Amino acid sequence: LTLSAAAASAMVIVNTVVIVRDVLGMGQREVAITLAAYGAGSMIAAFAQFEPEAVARFDAQDIARLLGDTGIVRHRGKIEGAIAGARAWLEIEEREGFSHFLWKHLDGRALQNRFSEHGDVPTQTALSERVSKELKKAGFTFCGPTIVYAFMNDHLVACFRHDVCAAMGKES
């Protein structure tokens, strides 16, 4: 699978978001609200700029430090899940590439539904259930089918990113 520069850049962002969502165990809207409330800078600093290699090396001292950090969500399970998620990400990256791991579920094409209203968008799909199971099997936590579907970032037709995402899928 060859990704264009734009698609590769998007995957770097996606890889970061996987860790953020794994830390918080929330969907896209909740991630944005929580990061705004706690400050994205606090989360980024606390979790080593979301670099999977760094987060994967976190130990008991780091967990204790994070549990005492009032600038972040202090939930032991989510902190430990973030560390496990970083380790799982590294294993997938080594084995097949995280980008390929995700794109293989879509045959290299961006998820491109034609929803026009938020109420039309499902909370989960058979695809998000399959990806969720694979992520959990790989060692990720807080990645149920609803969170995975939010992560898949299905855009409404009126969204300014709808056509851009469609083009990215065609380039891959």
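For every chain, the first residue of its written sequence is number 1, and the numbers climb from 1 along that sequence. Confidence filtering applies because this is a predicted model: local features only for residues at pLDDT of at least 70, side-chain atom pairs given and counted only at 80 or more, and all residues used for totals across whole chains, interfaces and linings. For side-chain calculations, the full set of non-hydrogen atoms in the structure is used, while hydrogens and water are omitted.

**Notes on the overall build of the chain**
Line of reasoning, step 1. Only DSSP runs of H or I reaching four residues or more are called helices, and only runs of E reaching two or more are called strands; each is numbered from the N terminus. Scanning the chain from N- to C-terminus turns up 10 helices and 0 strands.
Line of reasoning, step 2. Along the chain direction, N to C, the helices and strands of the chain fall in the order α-α-α-α-α-α-α-α-α-α.
Line of reasoning, step 3. Out of the 172 residues in the chain, the part that is buried amounts to 43%.
Line of reasoning, step 4. Of all intrachain contacts in the chain linking residues separated by at least 6 positions in sequence, the fraction that spans at least 24 positions is 65%. Categorising residues by exposure relies on relative accessible area from a 1.4 Å probe, with only protein chains included: less than 20% of the type maximum marks a residue as buried, more than 50% marks it as exposed, and the intermediate range marks it as partly exposed. For this analysis, residues touch if any pair of their heavy atoms sits within 4.5 Å.

**Quick notes on the side chain of His105**
Line of reasoning, step 1. If you trace the backbone, His105 turns up in the loop between α7 (98-103) and α8 (126-138).
Line of reasoning, step 2. A distance of 3.3 Å separates a polar side-chain atom of His105 from the backbone oxygen of Phe101.
Line of reasoning, step 3. The contacts of His105, once residues within four sequence positions are left out, are Leu127, Val131 and Glu134. Polar contact criterion, stated in full: a pair of N or O atoms within 3.5 Å, where within protein one must be able to donate a hydrogen and the other to accept it, and residues adjacent in sequence count only if both atoms are side-chain atoms.

**Some points on the confidence of the model for the chain**
Line of reasoning, step 1. What pLDDT reports is the predictor's confidence in each residue, on a scale of 0 through 100. Put simply, the chain has an average pLDDT of 76, and 72% of its residues get 70 or more.
Line of reasoning, step 2. The spread of mean pLDDT over the elements of the chain runs between helix α1 (residues 5-24), the lowest at 45, and helix α5 (residues 60-67), the highest at 96.
Line of reasoning, step 3. Throughout residues 1-16 the model reports pLDDT below 50, and contacts reaching past four residues in sequence, or to other chains, amount to 23 contacts.

**Overview of the packing of aromatic side chains**
Line of reasoning, step 1. For this analysis, a ring pair means two rings from Phe, Tyr or Trp (six-membered ring only for Trp) whose centres lie within 6.5 Å, classed as stacked if their planes differ by under 30 degrees, edge-to-face if by over 60, and tilted for the remaining angles. Here the structure, examined in full by the defined rule, presents 4 aromatic pairs.
Line of reasoning, step 2. With a centroid separation of 6.1 Å and 40° between ring planes, the pair formed by Trp89 and Phe98 is classed as tilted.
Line of reasoning, step 3. A relative accessible area of 8% means that Trp89 is categorised as buried.
Line of reasoning, step 4. Ring geometry for Phe98 and Phe140: centres 6.1 Å apart, planes at 50°, overall tilted. With Phe98 in helix α7 and Phe140 in the loop between α8 and α9 (145-152), this residue pair connects regions lying 42 residues apart in the sequence.
Line of reasoning, step 5. What makes Phe98 buried here is its relative accessible area of 0%.
Line of reasoning, step 6. Grouped by ring-pair contacts, the aromatic residues Trp89, Phe98, Phe101 and Phe140 constitute a single cluster.
Line of reasoning, step 7. Here, a charge over a ring is recorded when the distance from Lys NZ or Arg CZ to the ring centre is within 6 Å and its angle to the ring normal is within 35 degrees. In this arrangement the basic side chain of Arg65 is found over the ring face of Phe58, its NZ or CZ atom lying 5.4 Å from the centre.

**Thoughts on the environment of Ala138**
Line of reasoning, step 1. For Ala138, the location among the structural elements is in helix α8.
Line of reasoning, step 2. Residue classification places Ala138 among the partly exposed positions, given a relative accessible area of 22%.
Line of reasoning, step 3. Spatially, the C-alpha atom of Ala138 lies 5.8 Å from that of Ala88, the residues being 50 residues apart in sequence.
Line of reasoning, step 4. Beyond its immediate chain neighbours, meaning those up to four positions away, Ala138 contacts Ala88, Glu91 and Ile92.

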